[in-house]
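A closer look at the structure
Chain by chain, the residues run as shown.
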Amino acid sequence: METADRASAPVVVAIDGPSGSGKSTVSRAVAARLGLSFLDTGAMYRAMTWWMLTNDVDVDDADAVAIACGKPVIVSGTDAAGPTITVDGQDVSGPIRGPEVTAGVSAVAAVPQVRTRLVELQRGCAEVAEHGIVAEGRDMGTVVFPDATVKVFLTASEAARAERRAAELRAKGVDEATITAMAADLARRDAADSSRETAPLTQAVDAVLVDTSDLTLEQVIDRIAALVQDRQVRTGA
Ligand code: DC
């Protein structure tokens, strides 16, 4: 897209990165700071997985998942102050974070028909976002929003990511054995998300790499907000 087109297009901030890079927290905070909508696309893949499990579809059977994936009505509320996710009208924000969904989501997210359906919903969310949107996931900059105003690839060392996740879980009172098992599962999911054939996690050529290992949350938010504001000044958006 030419610069002139970008200037008139709504602001889209595409943020990608692996689990534990701080994507969700950062993206939501950037959206709140800039008055934009916020979309957690991982929650949509989780919602699809929750529906499959609830309806006894074998998540490891890609053909069965492909056939069923048009059925659930998945709706994302994109207010950065209180994002929501429903499936067939039911609030699933709690259940989609549970261990069954977490264990099954990489397999469901690897099914091309699932991705086609959810990418369409994601673009729809951006179209109706009044002031623009911050969208986070694995393929925002590469597939879903190739003409995004700003693309960021958030990363953090494996040690920093594991430590953050462990701290979050400890704060919730989770025991150490479970924390170790969840770290192994996180590594497995990252490997699966990066090696799948359709839309693997990869940095877009025009994305800005932000390594959060040694930055505070506030520093990361400042950095991304500055990137967006700089881009808007340069394009007059
Ligand atoms: O960000 P998360 O852990 O909630 O994501 C859940 C899963 O969905 C994860 O295994 C990667 C996958 N995902 C994806 O394939 N594409 C996206 N745009 C977002 C998430």
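Notes on the structure in this doc start here. Just so you know, these numbers come straight off a predicted model, no measurement behind them. (Residues numbered from 1 in each chain as written. Predicted model: local features only at pLDDT ≥ 70, side-chain atom pairs only at ≥ 80, totals over all residues. Heavy atoms only, no water.)

It is worth spelling out the site of the ligand at this point. Close contacts around the ligand come from 17 residues, with Arg46, Arg115, Arg138, Asp139 and Arg196 the closest. The contact in question runs from an oxygen atom of the ligand to an N or O atom on the side chain of Arg138, over 3.0 Å. For the shell around the ligand, the secondary structure elements donating two or more residues are α3 (41-54), α5 (99-109) and α9 (176-195). Sorting elements by how many residues they give to the shell around the ligand places α3 first, with four residues. (Near = heavy atom within 4 Å. Polar contact = N/O pair within 3.5 Å; in protein donor to acceptor, adjacent residues only side chain to side chain. Helix = DSSP H or I, 4+ residues; strand = E, 2+ residues; numbered from the N terminus.)

Its identity as a non-glycine residue notwithstanding, Asp56 has a phi of 60 degrees, on the positive side. Positive phi outside glycine occurs at Asp88, with the angle close to 50 degrees. Its place among the elements puts Asp88 in the loop between β4 (84-87) and β5 (90-91).

Turning next to the sheet that holds strand β6 (residues 133-137). In spatial order, the strands read β2-β6-β1-β7-β8; together these five strands make up an open sheet with parallel pairing. Edge strands, defined here as strands with exactly one partner in the open sheet, are β2 (37-40) and β8 (208-211). Taking each pair of neighbouring strands and ignoring which way they run, the sheet shows an average axis angle of 20 degrees. Running over the sheet, helix α10 (residues 217-235) touches β1 (12-16), β7 (150-155) and β8 and is turned about 160 degrees from β7. (Pairing = 2+ DSSP bridges. Axes fitted to C-alpha atoms, helices over the stretch in contact; angles between N-to-C directions. Contact = heavy atoms within 4.5 Å.)

Moving on, we get to the pattern of salt bridges. One pass over the full model with this rule turns up twelve salt bridges. Ionic pairing is found between Asp190 and Arg161, a salt bridge with its closest N-O pair at 2.6 Å. Linking Asp190 in helix α9 with Arg161 in helix α8 (residues 158-171), this pair joins segments that are 29 residues apart in sequence. Its relative accessible area of 10% is what places Asp190 among the buried residues. The buried category is assigned to Arg161, whose relative accessible area is 11%. In this structure, Glu168 and Arg165 form a salt bridge, with 3.5 Å as the shortest nitrogen-oxygen distance. Highlighted residues: Glu168 and Arg165, both in helix α8, separated by three residues, approximately one helical turn. Glu168 gets classed as partly exposed once you look at its relative accessible area, which sits at 44%. Residue classification places Arg165 among the partly exposed positions, given a relative accessible area of 29%. Through salt bridges with shared partners, one network takes in Arg33, Glu218 and Asp222. (Salt bridge = Lys/Arg side-chain N within 4 Å of Asp/Glu carboxyl O. Buried < 20%, exposed > 50% of the residue type's maximum accessible area, 1.4 Å probe, protein only.)

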